[in-house]
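Here are the chains, one letter per residue:
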Amino acid sequence: EIVLTQSPGTLSLSPGERATLSCRASQSIDSSYLAWYQQRPGQTPRLLIYGSFSRAAGIPDRFSGSRSGTDFTLTISRLEPEDFGVYYCQHYGSSPLTFGGGTKVEIK
Amino acid sequence: QVQLMQSGPEVKTPGASVKVSCKASGYTFTTYYLHWVRQAPGQGLEWMGVVNPSGGDTKYAQKFKGRVTMTRDTSTSTVYMDLGSLRSEDTATYYCARLAYPFGFDSWGPGTLVTVSS
């Protein structure tokens, strides 16, 4: 089973700042099958990034994904008020699918 | 447009079973695998398993094997998740989600809250 470890647990930032969220895989994975989701309070998760780098339909370009080895990063270039919530990475290449524990982005 | 509609909230006593439904519309039901994910209050997302709407084959997370059954009904474009031997730790919101390669989970149901309490 691929374990995904997200850090930090909580990120306290102000609107307009840059957010950098990390997701480390326990073993090498195909970058084609790494996704990021956003979950606002009281809402269902929403797909942001798929295949490590590609934005899902309708996702603004301030969201970007990158990879270095087993480390995956979600960057939000300039935080907007609607960006605050919890972010999860996910491996979906093979069963069992796994999620990271999440990073909460909160308003400072 | 793609829609996944789930059944309503449930309250169960410990030891009982619950069956949650997820009705798909807006696309060809048999084309995409449907997964179940749960989220306990204030906690993260946990993958439970998947059902192939075409062949009916399933895969379950090790944690739930022997306690969960996922099925589908192609005549109504609906998948079901049946979880037995419920305990308080199973109190959670249960989501169905469509896996559309290469995109990941591109559509989610609204979630079904299952409360297990004596």
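For the structure, check the block above.
Description of the structure in this document. (Residues numbered from 1 in each chain as written. Chains lettered and ligands numbered in written order. Predicted model: local features only at pLDDT ≥ 70, side-chain atom pairs only at ≥ 80, totals over all residues. Heavy atoms only, no water.)

## Things to note about the sheet that holds strand β3 (residues 18-25) of chain B
Residue and element names in this part refer to chain B.
Here comes step 1: In space, the four strands of this open sheet follow the order β1-β3-β8-β7, with antiparallel pairing throughout. The open sheet is flanked by β1 (3-6) and β7 (68-73), the only strands paired with a single partner. Along the sheet, successive strands turn relative to each other by an average axial angle of 20°, direction set aside.
Here comes step 2: By the bridge criterion, four bridges tie β1 to β3 in an arrangement that is antiparallel. Its bridge partner lying in β3, Q3 is registered against S25. (Pairing = 2+ DSSP bridges. Helix = DSSP H or I, 4+ residues; strand = E, 2+ residues; numbered from the N terminus. Axes fitted to C-alpha atoms, helices over the stretch in contact; angles between N-to-C directions.)

## Examining the packing of aromatic side chains
Here comes step 1: Taken as a whole and judged by the stated rule, the model has eleven aromatic pairs over all chains.
Here comes step 2: On the numbers, 6.3 Å between centres and 65° between planes, the contact of A:F99 with B:F105 is edge-to-face. Note that A:F99 is positioned in strand β10 (residues 98-99) and B:F105 in strand β10 (residues 105-108), a pairing that runs across two chains.
Here comes step 3: Here a set of aromatic residues connected by ring pairs shows up, and it is made of A:Y37, A:F99, B:Y95, B:F105 and B:W108.
Here comes step 4: Positioned above the aromatic ring of B:Y27, the side-chain terminus of B:R98 is 4.6 Å from the ring centre.
Here comes step 5: In this arrangement the basic side chain of B:R98 is found over the ring face of B:Y32, its NZ or CZ atom lying 4.1 Å from the centre. (Phe/Tyr/Trp six-rings, centres within 6.5 Å; stacked < 30°, edge-to-face > 60°. Lys NZ or Arg CZ within 6 Å of the ring centre and 35° of its normal.)

## Thoughts on the interface of chain B and chain A
Here comes step 1: With 21 residues of chain B at the contact, the number on the chain A side is 18 residues.
Here comes step 2: Here chain B meets chain A over a buried area of about 1,500 Å², counting both sides, of which 68% is carbon and sulfur.
Here comes step 3: The largest contributions to the chain B side of the interface with chain A come from B:L45, B:W47 and B:F103, which together make up 36% of the buried area.
Here comes step 4: Here chain B is connected to chain A by zero salt bridges.
Here comes step 5: For the interface between chain B and chain A, the tally reads five residue pairs in polar contact (both at pLDDT 80 or more).
Here comes step 6: Elements represented by at least two residues in the side of chain B that touches chain A include exactly β4 (33-39), β5 (46-51), β9 (92-99) and β10 of chain B.
Here comes step 7: For the side of chain B that touches chain A, a count of residues per class yields twelve nonpolar, six polar and three charged. (Contact = heavy atoms within 4.5 Å. Buried area = accessible area lost by both parts, 1.4 Å probe. Salt bridge = Lys/Arg side-chain N within 4 Å of Asp/Glu carboxyl O. Polar contact = N/O pair within 3.5 Å; in protein donor to acceptor, adjacent residues only side chain to side chain. Nonpolar A, V, L, I, M, F, W, Y, C, P; charged D, E, K, R; others polar.)

## Considering the side chain of B:Q6
Residues and elements named next belong to chain B.
Here comes step 1: Along the chain, Q6 falls in strand β1.
Here comes step 2: Separated by 2.7 Å, the side chain of Q6 and the backbone oxygen of Y94 make a polar contact.
Here comes step 3: Looking at Q6, its side chain comes within polar contact range of the main-chain nitrogen of C96, at 3.2 Å.
Here comes step 4: Discounting chain neighbours no more than four positions away, the residues touching Q6 are V20, S21, C22, W36, Y94, Y95, C96, G109, P110, G111 and T112.

## A short note on the sheet that holds strand β8 (residues 71-76) of chain A
All names here are of chain A.
Here comes step 1: Taking strand neighbours across the sheet as the criterion, the four strands line up as β1-β3-β8-β7 in an open arrangement whose pairing is antiparallel. At either end of the open sheet lies a strand with only one pairing partner, and these are β1 (4-7) and β7 (63-68). Averaged over neighbouring strand pairs, the angle between their axes works out to 20° when direction is ignored.
Here comes step 2: Strand direction decides the pairing type here: β7 and β8, joined by six bridges, are antiparallel. Across the sheet, the residue bridging to S64 is T75, located in β8.

## With respect to the pattern of salt bridges
As a working rule, side chains carrying opposite charge can pair if their charged atoms are close by.
Residue and element names in this part refer to chain B.
Here comes step 1: By the definition in use, this model includes nine salt bridges over all chains.
Here comes step 2: With a shortest N-O distance of 2.8 Å, E46 and R38 are connected by a salt bridge.
Here comes step 3: We classify E46 as partly exposed; its relative accessible area is 23%.
Here comes step 4: Between E89 and R87 there is a salt bridge, with the nearest N and O atoms lying 3.9 Å from each other.
Here comes step 5: A relative accessible area of 52% places E89 in the exposed class. (Buried < 20%, exposed > 50% of the residue type's maximum accessible area, 1.4 Å probe, protein only.)

## A few points about the side chain of B:D90
Residue and element names in this part refer to chain B.
Here comes step 1: Relative to the helices and strands, D90 resides in the loop between β8 (78-83) and β9.
Here comes step 2: Owing to a relative accessible area of 1%, D90 belongs among the buried residues under this scheme.
Here comes step 3: Polar side-chain contacts of D90 include one of 2.8 Å to the side chain of R38.
Here comes step 4: Apart from the residues within four sequence positions on either side, D90 is in contact with R38, R67, L83, S85, V114 and V116.

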